[in-house]
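# Geometric and topological summary
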Amino acid sequence: MSAPLSGLTVIDFSQFLAGPYASLRLLDMGARVIKVENPDGGDLCRRHYVSDTRIKGASTLFHAINRGKESIALDLKAPQGLDAARRLIAQADIVIQNFRPGVIQRLGLAYEDLRPLKPDLIYGSISGYGESGAWSCEPGQDLLAQARSGLMWLSGNADDGPVPVGLPIADISAGACLAQGLLAALFHHARTGKGTHVRTSLLEALMDMQFEFLSTWLSNGEAPPARRSEGSAHGYLGAPYGVYACATGHLALAMTPLDRLGPLLDLPDLAGDPFKDREALCQRITRRLRDKPAEAWEAELGAQGVWCARVLTWDELRAKGGDPVSRMLPPSLPLRMGGSVGSSARVGPGLDEHGSALRAEFGLSPKR
Amino acid sequence: MTLNAPALPLTGLRVLDFAQFLAGPVAALRLCDLGAEVIKVERPDGGDLCRSMVVNDQRLEGDSLVFHTFNRGKKSVTADLKQPTDLDRIRALIATADVMIHNFRPGVMDRIGLGYDAVRALNPRLVYGAVSGYGSIGPWRDTPGQDLLVQALSGIAWLNGNADDGPVPTGFAMLDVATAGHLVQGILACLVRRGITGTGGLVEVDLMSAALDMTFEQFTCFLNDDNQQPRRHAQGNANPYQPAPYGIYRATDGWMALAMCPLAKLGDLLDAPQIAAFAQEDAFTRLDEVKAVVSKVLETRPRQHWLEILGAAGVWCAPVLDWPEFAASDGFAALDPLQTIRTPEGAEARTTRCPIRIDGQTLRNPAAAPALGADTAAILTP
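Quantities reported herein were computed from a predicted structural model and do not represent experimental measurements.

Attention shifts here to the domain arrangement of chain A. We note that the domain assignment places domain 1 (9-210 + 350-361) and domain 2 (242-311) within chain A. Domain 1 of chain A and domain 2 of chain A are separated by 44 Å when their C-alpha centres are compared.

Time to look at the sheet that holds strand β10 (residues 254-258) of chain B. Either a parallel or an antiparallel arrangement is found when strands of a sheet pair, and the pairing is made through backbone hydrogen bonds. Residues and elements named next belong to chain B. One open sheet accounts for three strands, arranged β9-β10-β11; its pairing is antiparallel. Each edge of the sheet is formed by a strand with only one pairing partner; in this case those strands are β9 (247-251) and β11 (317-319). The sheet shows a mean angle of 30 degrees between the axes of neighbouring strands, direction not considered. The pairing of β10 with β11 spans three bridges and is classified as antiparallel. Residue pairing across strands places L258 opposite C317, the latter belonging to β11. Sitting on the sheet, helix α13 (residues 287-298) touches β9 and β10, and the angle it makes with β9 is about 30 degrees. Sheet strands touched by helix α14 (residues 303-312): β9, β10 and β11. Its angle to β10, the strand with the most contacts, is close to 20 degrees.

This brings us to the layout of surface pockets. Over the atoms a probe the size of a water molecule is rolled, and this reveals where empty space is left. One number sums up the size of the largest pocket: a volume of about 1,400 Å³. Looking at the largest pocket, it is lined by 49 residues, and the ones nearest its centre are M255(A), W307(A), F21(B), M53(B) and Q146(B). Of all the secondary structure elements, the ones that give two or more residues to the lining of the largest pocket are α1 (23-33), β7 (127-132) and α6 (147-153) of chain B. Class assignment for the residues of the lining of the largest pocket results in 27 nonpolar, 14 polar and eight charged. Roughly 620 Å³ of volume is contained in the second largest pocket. What lines the second largest pocket is a set of 33 residues, and nearest its centre among them are F16(A), N98(A), G140(A), Q141(A) and W316(B). Broken down by class, the residue content of the lining of the second largest pocket amounts to 18 nonpolar, 10 polar and five charged.

Turning next to empty space enclosed by the protein. On inspection of all chains with the given rule, the structure shows five cavities of 30 Å³ or more. Size it by volume and the largest cavity reaches roughly 150 Å³. Forming the walls of the largest cavity are 19 residues, and the residues nearest its centre are A176(A), Q180(A), V177(B), A178(B) and G181(B). When contributions to the lining of the largest cavity are tallied by element, the ones reaching two or more residues are α7 (169-192) and α8 (202-209) of chain A together with α1, α7 (174-197) and α8 (207-214) of chain B. Considering every element that reaches the lining of the largest cavity, the biggest residue donor is α7(B), with six residues. Considering only residue class, the lining of the largest cavity consists of 12 nonpolar, four polar and three charged. With four residues, the top contributor of residues to the lining of the second largest cavity is α1(B).

Moving on, we get to the sheet that holds strand β15 (residues 361-362) of chain B. Strand order in the open sheet formed by eight strands is β5(A)-β2(A)-β1(A)-β6(A)-β7(A)-β8(A)-β14(B)-β15(B), and the pairing between neighbours is mixed. This sheet does not close on itself; its edge strands, each paired only once, are β5 (70-73) of chain A together with β15 of chain B. Two strands pair when backbone bridges link them, and strand β1 (residues 9-12) of chain A and strand β2 (residues 32-37) of chain A are joined in this way by four bridges, in the parallel orientation. By the bridge assignment, I11(A) is partnered in β2(A) with I34(A).

To continue, consider the packing of α8(B) against helix α9 (residues 216-223) of chain B. All names here are of chain B. Interhelical geometry of α8 versus α9 gives an angle of 75 degrees and a closest axis separation of 5 Å. As summarised for this structure, α8 and α9 are arranged roughly perpendicular, according to the angle between their axes. Only F216, Q218 and F219 of α9 make contact with α8, whose side of the interface consists of L212, D213 and M214. Here the contact of α8 with α9 is built from residues that sort into four nonpolar, one polar and one charged.

Residue and element names in this part refer to chain B. On the secondary structure map, A121 appears in helix α5 (residues 116-122). The class of A121 is exposed, set by a relative accessible area of 67%. Along the chain, A121 and A95 lie 26 residues apart, while their C-alpha atoms are 9.8 Å from each other.

Our focus in this paragraph is the confidence of the model for chain B. Per-residue pLDDT for chain B has a mean of 92; in total, 98% of the residues score no lower than 70. A low-confidence stretch, residues 1-5 of chain B stays under pLDDT 50, and its non-local contacts, those more than four residues away or across chains, total 15 contacts.

A word on the pattern of salt bridges. For the structure on display, the rule yields 44 salt bridges over all chains. The shortest N-O distance in the salt bridge between D213(B) and R25(A) comes to 2.8 Å. Of this pair, D213(B) sits in helix α8 while R25(A) sits in helix α1 (residues 18-28), each in a different chain. There is no split in this pair, since D213(B) and R25(A) are both buried. R310(A) is paired through a salt bridge with E295(A); the nearest N and O atoms lie 3.9 Å apart. You can see R310(A) sitting in strand β11 (residues 308-310) and its partner E295(A) sitting in helix α12 (residues 294-303), a full 15 residues away along the chain. Its relative accessible area of 10% is what places R310(A) among the buried residues. In this structure E295(A) comes out as partly exposed when scored by relative accessible area, which is 45%. Here the salt bridges do not stand alone but share partners, grouping E131(A), R199(A), E204(A), R353(B) and R357(B) into one network.

Cut-offs and rules
- Residues numbered from 1 in each chain as written.
- Chains lettered and ligands numbered in written order.
- Predicted model: local features only at pLDDT ≥ 70, side-chain atom pairs only at ≥ 80, totals over all residues.
- Heavy atoms only, no water.
- Domains from an automatic or database assignment.
- Pairing = 2+ DSSP bridges.
- Helix = DSSP H or I, 4+ residues; strand = E, 2+ residues; numbered from the N terminus.
- Axes fitted to C-alpha atoms, helices over the stretch in contact; angles between N-to-C directions.
- Contact = heavy atoms within 4.5 Å.
- 1 Å grid on protein atoms, 1.4 Å probe; cavity = no way out; pocket = protein on both sides within 12 Å on 5 of 7 lines; lining within 4 Å.
- Points joined across faces, edges and corners; volume = space filled by probe spheres on them.
- Nonpolar A, V, L, I, M, F, W, Y, C, P; charged D, E, K, R; others polar.
- Parallel < 35°, antiparallel > 145°, perpendicular 65-115°, else oblique.
- Buried < 20%, exposed > 50% of the residue type's maximum accessible area, 1.4 Å probe, protein only.
- pLDDT = per-residue confidence, 0-100.
- Salt bridge = Lys/Arg side-chain N within 4 Å of Asp/Glu carboxyl O.

Structure below.
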């Protein structure tokens, strides 16, 4: 069966992570993605080096997020570049952009500008904090959105300061939300022939990530979730939920009734209110779990049906994970479908690598 | 915009939600917010286990509050899938559906007779979504696919927190929510394809793949960096692979986040020659030293003082807010991110809305989650 989005063309004006993540998902499911980049260096992510690792001169991150895409360099501030962009859009299905609010209007490529050109256009926008309001002009960067969203007080332990999630959770979740909205719009388009403007922001995506907690907080008199003194993993769940240091290694324990866990740990009198007595209960469990290596506990408790897992490093994960770990290395489409999907490309395009071919294919004027 | 208003993109679609707890129901919730009719199929004795998973002692009309937040706006029918009569009724319902979602462990649905191949024969247009912890093969397929456990196995717990900390899991169900998002994407892509080919498809997602997708940036670094386990920063870690000053810092009256910034520029702005004295490559090679020096400078003044200086110069920084501060902020108000849900009996709770906006409209649905079996009589043929 064909990849579900084969035949669809996405014009992607976005940079860095959130927007390119959304177009990567569409690409992995069969769409063609054309990156429109500024001639002066292109996507800023090309030069955004993390850990100083590079492939073909551009950052590994750039390749990871732009693998399989095509690139054309256009100066959108010059009439010729703008005209070329409009011609591309007129022949495409989806546009994605993540400029700061106001910028796309100044360029003349806002949804409203393009509707006369292509009334059934599907158009996706990602901002940091929405298009209006106090933060709309603040930089829409992952760590900063995490900082504002209250999420940094959910991880780590009671005596810690704020603990960010150590991966770009705002970017990735906002990109995923946009991909969902665009796909719903494609479905709508197939039935009605109508276009749609889909919008989300880093902050909305982070609130969606926290929605279980936020709903609880909004309904409990705004009593904040309490992190445990050690091994904290969920501010509103009672003992034993959390991470425990063992004789060697660490063990994660999920929801398990205390009267079931107690006998298995030779703590027959392990009892109490799982939330109110959480610290005391967890301290008893901690002392007991220190007696053996995490690996032994995982085998022993797991065999009894207790929801537990040893905390692994990436080397251990790779060695032990089998499928789906090997299927996701190097990172690829995180879902499987009946039918061929996924791009085999492992690197992103060079800046303007496909410029000449795209100019010919889409009838754009040759590069000056 | 209200439920099933014609303008919603998925209006008219029927989704059967056989899933429990989080990832599956949250995927169905997203489809519901986008306009689909979602029918939960639950076992008669208690239904979705999440109904009784009371977090923080909070309930709404007898069911746990979190159940309502995952299942608002849906319908509920009950059926005992082990009874032939009930199974026949559900097969008849499946014949009318566009999508079904389940998160039974691998093999369970096949044994019931509702595996993909059996269902495809019944309804070739159906898109079938399956959620698992670790996929349908591999060493972990029969172990519990729970968010914290997958965070533990996937190395995520070693990305948060500081170098001297033990593993620090993310304190909310990030992998369940991410997995739900992947399922929604796969289902919608298959629905788009169905518009052309007329046939449905199978979409399988799992929490472990979602974990690897979430870490794809760092994992790609790991794979291209001699497989060195990433080392968290000594203090204020926010991403092990980011160079100084990236991270969290304490001012005299609170915390602030500082993203990427060249060291020379930062030193100038903070009037701190000891920062400017570092070479830019020290941002990687002497990361902890640099951050310690930046930290010493920032801890001497109030947060706002620094945010104004840095912000005016275009440096990416922000205050670290807690929920009371966040909920009171103008930025929060501008997003209008909340909605109130109501049960038919009038009990109310506030929750977040769908994070996707369509044609300038937010997607809201005031319905609470259904009582167990509330729609059985109306939907299932007797």
